[in-house]
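Residue strings, one per chain:
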Amino acid sequence: MRILGIETSCDETGAAVIETTDQHSLVKLLSNVIATSLVLHAQTGGIIPEVAAREQLKFILPTIQQALKDGLNWTYAKTDQIPPIDALAVTVGPGLIGSLLVGIETAKTLAMVWNKPIIPVNHLYGHIYANWITQRTDGRDTDSSEICTPLSVVSFPIFPALALVVSGGHTDLVLMKKHGNLVWLGGTRDDAAGEAFDKIGRLLGLPYPAGVTISKLAQQGNPVAFHFPKPMLHSADFDFSFSGLKTAILREVQIIKKLDDITIANICACTQQTIIDVLLAKTFKAAEKYKVKAILLGGGVAANEQLRNQFAVRCSESGVRFFAPAKNLCTDNAAMIGAAAWYNNHQTPIENVQANPELYFD
Ligand code: KG4
Ligand code: ZN
């Protein structure tokens, strides 16, 4: 089955073609095109929803055309031509309403014109299902810094598995009993992990989004130079809270007054380690309780090298399999939407495919 995935939940416009054979094989990535309006949002230090939606409109058709060209060598020549795909998959939420609508209305129109089924996809499922995507084997688009185990999620019994989604908008722990059976265990009560990186970056004068920059600067810093709070570390639930960390760093920055490079590096190293410590503690508490066989990471923050390394070590010590998507598939992309659609193939009448900015786990 070939699926054209479309992702426009925030500031990335993604289109990808994936190919699947059966449930026991990984999803093959034929193309994965992403256009981003991040440069505009860096100028304002955050995303302005109207600006993101307008950029989605500019990018959506060229992005889809490029994905069909790259993956299937298909170009639009005549109006009666239909690309060799079996279905379209589109993100219906959560996300920014204006951005979501651009992808959804485009997907619905193409589904109608091409007479193809359409599969609505929860963006958060997408981040988890990025773990089921294999990269091209022709050397293009591979990620050499991949540290996750080479064992694939389809080769071994992995259920029950625990998924940790850590992105700019979400921090969620999800128990996965089998495909499509996802139970939300807990999440952030305030800032998401990625949001904490971004807001702390702003306090330090770093460009938006700050996750990557903080992780680079952290390499020169001392991760025990400061002792920042780890709220809810020992709470009985599986919830998180990261806004206190930002406030603690704000106070520190106000006291220090002049930030030199070493202090910034130390704050970055401590920020990163504090967030990792909390994510590790809560995830392994849930892993023990539910006796999971595997832990899966997903979302933009899952591209963090230290986070991946420390999860890999803890998993191997605990005898739990560890998976993380290739780094380029951690941040928003449409390939993960196609993969989630394949494993949760809920084809829906076009008129029932609607944007739901507040969509969550059931
Ligand atoms: O999944 P994503 O692309 O978008 C959302 O669905 O939110 O995640 C973006 C987030 C941003 O907050 C960004 O700072 C963070 O992921 N991020 C990182 C890293 N790369 C991206 N955070 C920490 N370390 C990284 N290497
Ligand atoms: Zn995302």
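Up top is the structure.
Because the structure is a prediction, the values reported are computed rather than measured. (Residues numbered from 1 in each chain as written. Chains lettered and ligands numbered in written order. Predicted model: local features only at pLDDT ≥ 70, side-chain atom pairs only at ≥ 80, totals over all residues. Heavy atoms only, no water.)

## Observations regarding the sheet that holds strand β10 (residues 294–298)
Across the sheet, which stays open at both edges, the five strands sit in the order β9-β8-β7-β10-β11 with mixed pairing between neighbours. On the outer flanks of this sheet lie β9 (181–187) and β11 (321–323), each paired with one strand and no other. Looking at each pair of strands side by side, their axes are set apart by 20° on average, direction ignored. Bridge count between strand β8 (residues 171–178) and β9: six bridges; the pairing is antiparallel. In the strand pairing of β9, L173 is matched with G186. Of the strands in this sheet, β7 (161–166), β8, β9 and β10 are in contact with helix α8 (residues 261–289), which crosses β7 at around 155°. (Pairing = 2+ DSSP bridges. Helix = DSSP H or I, 4+ residues; strand = E, 2+ residues; numbered from the N terminus. Axes fitted to C-alpha atoms, helices over the stretch in contact; angles between N-to-C directions. Contact = heavy atoms within 4.5 Å.)

## Overview of the coordination of the zinc ion (ligand 2)
Surrounding the zinc ion (ligand 2) are the protein donor atoms H123 (NE2), H127 (NE2) and D332 (OD), at 2.0 to 2.1 Å. For the zinc ion (ligand 2), the four donor atoms are set out with angles of 95 to 136° between them, so the coordination reads as irregular. Each donor residue of the zinc ion (ligand 2) belongs to the same chain, and together they define the spacing H-x3-H-x204-D. Of the two residues, H123 and H127 both sit in helix α4 (residues 123–129), four residues apart, roughly one turn of that helix. (Donors = N, O, S within 2.8 Å, 3.2 Å for Na, K, Ca; no water. Tetrahedral: all angles 85-135°; square planar, octahedral: opposite > 155°, others 65-115°.)

## A look at the pairing of β10
Within β10, five of the five residues are buried, leaving the element largely enclosed by the surrounding structure. Both faces of β10 are covered, namely the face carrying A294, L296 and G298 and the face carrying I295 and L297. Sheet topology note: the β7/β10 ladder contains five bridges and is parallel. The partner of L164 across the bridge, within β10, is L297. In terms of strand pairing, β10 meets β11 through three bridges, oriented parallel. Bridged to I295 within β11 is F322. For the crossover that starts at β10, traverses helix α9 (residues 305–318) and ends in the parallel β11, the hand is right-handed. (Buried < 20%, exposed > 50% of the residue type's maximum accessible area, 1.4 Å probe, protein only. Right-handed = clockwise from strand over helix to strand, strands pointing away.)

## Comments concerning the sheet that holds strand β1 (residues 2–7)
On the basis of which strands lie adjacent, the open sheet formed by six strands has the order β5-β4-β1-β2-β3-β6 and mixed pairing. Strands at the two margins of the open sheet, each flanked by one partner only, are β5 (118–122) and β6 (133–134). Where β1 lies against strand β2 (residues 12–19), six bridges are found, and the strand directions are antiparallel. Bridging from a neighbouring strand, I6 pairs with A15 of β2. Sheet strands in contact with helix α3 (residues 97–114) are β1, β4 (87–93) and β5, and its direction is about 155° off that of β4.

## Let's talk about the environment of A15
Relative to the assigned elements, A15 resides in strand β2. For A15 and M1, which are 14 residues apart along the polypeptide, the C-alpha to C-alpha distance reads 17 Å. Beyond its immediate stretch of four places on either side in the chain, A15 contacts G5, N32, V33, T63, I64, A67 and A334.

## Digging into the packing of α8 against α9
Closest axis-to-axis distance for the α8/α9 pair is 10 Å, and the angle between their directions is 30°. One way to sum up the angle between α8 and α9 is to call them roughly parallel. Of the two possible hands of crossing, α8 and α9 adopt the one that is right-handed. Of α9, the residues touching α8 (which contributes Q272, Q273, I276, L279, L280, T283 and F284) are Q306, L307, Q310, F311, R314, C315 and S318. Taken together, the residues of the contact of α8 with α9 sort by class into seven nonpolar, six polar and one charged. (Parallel < 35°, antiparallel > 145°, perpendicular 65-115°, else oblique. Left-handed = near helix turned anticlockwise from the far one by under 90°. Nonpolar A, V, L, I, M, F, W, Y, C, P; charged D, E, K, R; others polar.)

## Remarks on the site of ligand 1
Near ligand 1, the surroundings consist of 20 residues, among which G168, D198, G300, N304 and D332 are the closest. For ligand 1, an oxygen atom lies 3.3 Å from a polar atom in the backbone of G169. At a separation of 3.2 Å, an oxygen atom of ligand 1 approaches a polar backbone atom of G194. Coverage of ligand 1 by the protein amounts to 87% of the 560 Å² it exposes when considered alone. Going through the elements one at a time, α4, α5 (193–203) and α6 (211–218) are the ones with two or more residues in the shell around ligand 1. Classifying every residue of the shell around ligand 1 by side-chain character gives six nonpolar, 12 polar and two charged. (Near = heavy atom within 4 Å. Polar contact = N/O pair within 3.5 Å; in protein donor to acceptor, adjacent residues only side chain to side chain. Areas by Shrake-Rupley, 256 points an atom, 1.4 Å probe, with all protein chains shown as cover.)

## Examining the nonpolar core
Generally speaking, a soluble globular protein has its nonpolar side chains buried in company with each other. Within the largest apolar cluster, 48 residues are counted, with the highest numbers of intra-cluster contacts made by L279, I295 and F311. Among the elements of the structure, β7, β8, α5, α6, α7 (243–256), α8, β10 and α9 are those that each provide at least two residues to this core. Here this core gets 13 residues from one element, more than from any other, and that element is α8. Setting aside residues no more than four positions away along its own chain, L279 makes contact with L164, V166, T171, F240, F242, L307 and F311. (Core = buried A, V, L, I, M, F, W, Y, C linked by side-chain atoms within 4.5 Å.)

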